[in-house]
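# Breakdown of the fold
Read off the chains here:
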Amino acid sequence: MKVYINSINVWLQGVDDTTNLALWANNDLILPEEFVPPKPQYYPKGQLRRLSPYSKVVLNCLDIPQVLTQNLPLIFASQHGDLAKTVTLIKDAALGEDLSPTQFALSVHNATTGLFSIATDNTAPTTTISAGNNTFVEGLIEASMQCQQENTSVIYTYCDFDVPIEYRKFEERKPARCITTILSSEKNSDNLAAVHSTLDNQKFYSEEKSLSDLSLKFIRNFYLQSNELIQSKNYTLSLDFK
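### A look at the sheet that holds strand β1 (residues 2-12)
In spatial order, the strands read β3-β2-β4-β5-β1-β6-β8-β7; together these eight strands make up an open sheet with mixed pairing. Of all strands in the sheet, those bounded by a partner on one side alone are β3 (126-129) and β7 (230-231). Of the pairings in the sheet, the one linking strand β2 (residues 74-77) to strand β4 (residues 154-160) comprises four bridges and is parallel in character. Residue pairing for β4: Phe76 is matched across the bridge by Thr157. Against the sheet, helix α8 (residues 214-224) makes contact with β1, β4, β5 (177-184), β6 (193-199), β7 and β8 (235-240), and its axis sits at roughly 105° relative to β1, the strand it touches most.

### So, the pattern of salt bridges
In this structure the tally under the stated criterion is six salt bridges. Across the pair Arg173 and Asp162 runs a salt bridge, and its minimum N-O distance is 2.7 Å. Placement of Arg173 in the loop between β4 and β5 and of Asp162 in the loop between β4 and β5 is noted, with a sequence separation of 11 residues between them. For Arg173, a relative accessible area of 57% translates into the label exposed.

### With respect to the packing of aromatic side chains
In this structure the tally under the stated criterion is 10 aromatic pairs. Pairing Trp11 with Phe161 gives two aromatic rings, centres 6.2 Å apart and planes at 20°, and the pair type is stacked. On the criterion of sequence distance, the pair formed by Trp11 in strand β1 and Phe161 in the loop between β4 and β5 is long-range, its members being 150 residues apart. Neither residue differs from the other here; Trp11 and Phe161 are each classed as buried. Aromatic side chains Phe35 and Phe161 sit 5.8 Å apart centroid to centroid with 85° between the ring planes, which places their arrangement in the edge-to-face category. With Phe35 in the loop between α1 (18-25) and α2 (53-61) and Phe161 in the loop between β4 and β5, this pair connects stretches of sequence that are 126 residues apart. Here a set of aromatic residues connected by ring pairs shows up, and it is made of Trp11, Phe35, Tyr54 and Phe161. The positively charged end of Arg220 is found above the aromatic ring belonging to Trp24, 4.2 Å away from the centroid.

### With respect to α1
Buried within α1 we find Leu21, Trp24 and Ala25. Axial view of α1: buried residues confined to an arc of 100°, hence all on one face. Just downstream of α1 lies Asn27, where phi reads positive at about 65°.

### Topic: the pairing of β6
A regular strand places its side chains on the two faces of the sheet in alternate fashion. With four bridges connecting them, β1 and β6 associate as antiparallel partners. Bridge assignment links Val3 to a residue of β6, and that residue is Val195. Judged from the six bridges that link them, β6 and β8 form a sheet pairing that is antiparallel. Looking across to β8, one finds that His196 is bridged to Ser238.

### Here's the deal with helix α6 (residues 111-120)
Residue pairs spaced three or four apart in an α-helix point in one direction, given the helix's 3.6 residues per turn. Within α6, seven of the 10 residues are buried, leaving the element largely enclosed by the surrounding structure. Buried within α6 are the following residues: Ala111, Thr112, Thr113, Leu115, Phe116, Ser117 and Thr120. At its buried positions, α6 is contacted by α2, α3 (65-69), β2, α5 (101-105) and β3. After α6 finishes, the residue Asp121 shows a positive phi value of roughly 55°.

Criteria and thresholds
- Residues numbered from 1 in each chain as written.
- Predicted model: local features only at pLDDT ≥ 70, side-chain atom pairs only at ≥ 80, totals over all residues.
- Heavy atoms only, no water.
- Pairing = 2+ DSSP bridges.
- Helix = DSSP H or I, 4+ residues; strand = E, 2+ residues; numbered from the N terminus.
- Contact = heavy atoms within 4.5 Å.
- Axes fitted to C-alpha atoms, helices over the stretch in contact; angles between N-to-C directions.
- Salt bridge = Lys/Arg side-chain N within 4 Å of Asp/Glu carboxyl O.
- Buried < 20%, exposed > 50% of the residue type's maximum accessible area, 1.4 Å probe, protein only.
- Phe/Tyr/Trp six-rings, centres within 6.5 Å; stacked < 30°, edge-to-face > 60°.
- Lys NZ or Arg CZ within 6 Å of the ring centre and 35° of its normal.
- Arc of directions from axis to C-beta.

If you want it as structure tokens, here you go:
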């Protein structure tokens, strides 16, 4: 299966410009330990204070003209969602405190995509994916299939943050990262790269040997313009820049 990337926004631990992302991809830039969440310019300013850092990053990464102005289907993928908000709610519940209905509503996995749809009047379908360590690839496969079956451009967004301290004994630390792409089934002059995906049920697949975060390799390959294979449990991906 092949689809084409027509536009891309990447945000990586506060780094979002092409030059510095390319430096990071080439191991010439160390990501900052901390970051200030961006403010999505199209989002109503009076409501920005209600947004968590996670939602601000996702909405900011969706700030692409075609995304904001065209009624495109959105496929959103995240392994953990806004886990920091969820942990806070769990702690409040454990202490017997009343939960804020607003904060609870904003903690669900597809909350941020709902905020995006409302802010941009996007009435196209939205799909939300979570699939463990394979979330980034499984989301990309879902987006590619919708792109080809419906013969339309689609938005694919992936976002995950480093897990809160309560979960770090279960998962290694990773930088906060968000990727938004516009995918098309048609080859044209607007294409930045082609994404090839093949079904590959690896008989000797090992979770320990798999990339702990496939999105990071995708970002690295994109900014290095590398066609090195990205392998998940079920699929093999590669980028073509020709």
